[in-house]
Amino acid sequence: MKNSVETPSLRLKQSVVDAIIAGLLALIVFGPVVGVVLDGYSFNLQPTRVAMIVFGVIVGRFALSVFLQTPSGIRFAQSLEMPGAGIHVLSPEHKSKLRIIVPIMIMAAIVLPMISNKYILTVVILGLIYVLLGLGLNIVVGLAGLLDLGYVAFYAIGAYGLALGYQYLGLGFWSALPLAAIAAAVAGCILGFPVLRMHGDYLAIVTLGFGEIIRLVLNNWLSFTGGPNGLSVPSPTIFGLEFGLRAKYGGVPIHEFFGFTYNPDLKFIFIYTILVLVVLAVLYIKHRLTRMPIGRGWEALREDEIACRSMGLNHVLVKLSAFTIGASTAGLAGVFFATYQGFVNPTSFTFFESALILAIVVLGGMGSTVGVVIAAFVLTVAPELLRSFSEYRVLLFGVLMVLMMLWRPRGLIRISRIGVKPRKGAAGWVEGATR
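If you open the UniProt record of the protein chain and go to Subcellular location (unreviewed entry), you find "Cell inner membrane".

Novice: Help me get a handle on the packing of aromatic side chains, residues and values and all.
Specialist: Per the stated rule, a full pass over the model turns up 13 aromatic pairs. Taking 5.6 Å as the distance between ring centres and 70° as the angle between the ring planes, the aromatic pair formed by phenylalanine 173 and phenylalanine 336 counts as edge-to-face. Taken together, the positions of phenylalanine 173 in helix α7 (residues 173–192) and phenylalanine 336 in helix α14 (residues 315–341) put the pair 163 residues apart, joining distant regions of the chain. On the basis of an interplanar angle of 75° and a centroid distance of 6.0 Å, the ring pair of phenylalanine 337 and phenylalanine 349 is categorised as edge-to-face. Here phenylalanine 349 lies in the loop between β8 (343–344) and α15 (351–364) and phenylalanine 337 lies in helix α14, a separation of twelve residues in the sequence.

Novice: Give a description of empty space enclosed by the protein that names residues and reports values.
Specialist: Following the criterion strictly, the structure yields one cavity of 30 Å³ or more and no others. Leu149, Gly150, Val152, Leu208, Gly211, Glu212, Arg215, Phe349, Thr350, Phe351 and Ser354 are the residues that line the largest cavity. Of all the secondary-structure elements, those providing two or more residues to the lining of the largest cavity are α8 (200–220) and α15. Take the lining of the largest cavity: its biggest share by element is four residues, from α8. Residue classes in the lining of the largest cavity are distributed as five nonpolar, four polar and two charged.

Novice: If you had to explain helix α6 (residues 152–169) to someone new, which residues and values would you point to?
Specialist: Given a rise of 1.5 Å per residue, 18 residues ought to cover 26 Å, and the 24 Å separating the end C-alpha atoms of α6 matches this to within 8%. Bending of α6 peaks at approximately 25° at the position of tyrosine 160. Burial analysis of α6 places 13 of its 18 residues in the buried class, the great majority of the element. In the segment just after α6, glycine 170 is the residue with positive phi, at about 75°.

Novice: Describe the environment of leucine 12, with residues and values.
Specialist: Here leucine 12 is to be found in helix α1 (residues 2–34). As a C-alpha pair, leucine 12 and serine 65 span 53 residues in sequence and 8.7 Å in three-dimensional space. Ignoring anything within four residues of it in the chain, the contact list for leucine 12 reads Phe62 and Val66.

Novice: Please give an account of helix α2 (residues 47–67) that cites residues and values.
Specialist: Its 21 residues give α2 an end-to-end C-alpha distance of 30 Å, which sits within 8% of 30 Å, the value for a rise of 1.5 Å per residue. Of the positions making up α2, those classed as buried are Val50, Val54 and Ser65. Down the axis, α2 shows its buried residues gathered within 30° of arc, on one side only. Set apart from the buried face of α2 by more than 90 degrees, the exposed residues are Thr48, Met52 and Phe55.

Here is what the cut-offs are and how they apply
Residues numbered from 1 in each chain as written. Predicted model: local features only at pLDDT ≥ 70, side-chain atom pairs only at ≥ 80, totals over all residues. Heavy atoms only, no water. UniProt positions renumbered as here; feature names shortened; annotations may be inferred. Phe/Tyr/Trp six-rings, centres within 6.5 Å; stacked < 30°, edge-to-face > 60°. Helix = DSSP H or I, 4+ residues; strand = E, 2+ residues; numbered from the N terminus. 1 Å grid on protein atoms, 1.4 Å probe; cavity = no way out; pocket = protein on both sides within 12 Å on 5 of 7 lines; lining within 4 Å. Points joined across faces, edges and corners; volume = space filled by probe spheres on them. Nonpolar A, V, L, I, M, F, W, Y, C, P; charged D, E, K, R; others polar. Expected span 1.5 Å × (residues − 1). Bend = angle between axes of the 7 residues up to and from the residue. Buried < 20%, exposed > 50% of the residue type's maximum accessible area, 1.4 Å probe, protein only. Contact = heavy atoms within 4.5 Å. Arc of directions from axis to C-beta.

Structure representation (structure tokens):
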């Protein structure tokens, strides 16, 4: 009886301690952000806002701690623990819902330019660009297990490939699209050679340094890249027809050639259409690669490199292929970004972009194609929806990420594979052998 009385008090005491610790952490984190408001060269203190936030954290943490001790709270905590790590194997008879979802999404992509305005179209274009970036990094991090923190460097190579190609060689959108992808792939191969023996944190540091080197070169080589001032990028054309009101590059405006009314959104509709086709092509290629020996090699390398090499796989080829293909995808995304912006400068390719792309891969699900596509649009559209909370947008963005990792620690959609039926006679042979 004595123990039954003391146990609740001890657990209540622990809840109070947890609430106080959470309040102190909230004071440390939110105090400088919310409590200090800059006003020119001075600042104003806002202790009331800090006190309200800290009080809310203490009350919320105490209530959560007490709730998790109840039977309902214990069941809720157990529901967050997803059993079964790694790849989820489905039954051979499983029919994927993507057979229905993919045609619906393609139809929605066709209808979208007809019913949307310029703002919605530009947001969707930006989302598709991050889909390309997420798919490329998903090969390196999600499938091959190589932590790359400098992925934005290949993104910058693709964007500056179009800008510099136009500046010095007179290249346009169509010629720069494959050349920028090849240049980024070569850069990925060059980066892959020095890091063949590196793993984990060491690999992350080297790739982070590579990304910073590219950014600093673009920022400081004034005579070649324009430095902080950046470079202008030409608008795309199709068969020499331009999308502007007046021809700027020696061509003919498309509305004059076909005789219809000028539409200022036609450039973005064209970029959107080509981008959708490229994303679909990349999705199909990645889907096929994951089912080829090279895709299996990436997953074997991710799980255990020693076991991968012991099975006779060439780990050098596996790593270089992951870096090369992932970098080429980023190069394609860079060309579309430069065309979409009409201007490039080094401030668009900071470490924050690499962190955002990595967050897309992690939140979507390591190795999951569908999860990466969903996460790319969520993390692109969410900042736009939170524009009315401009002061706390990054803070709310971080809270959403924390809640997401608590709810789905393995990402929105984890990897799944459909099982294989044994061939006819194989089961009988096994049964006879056991006898």
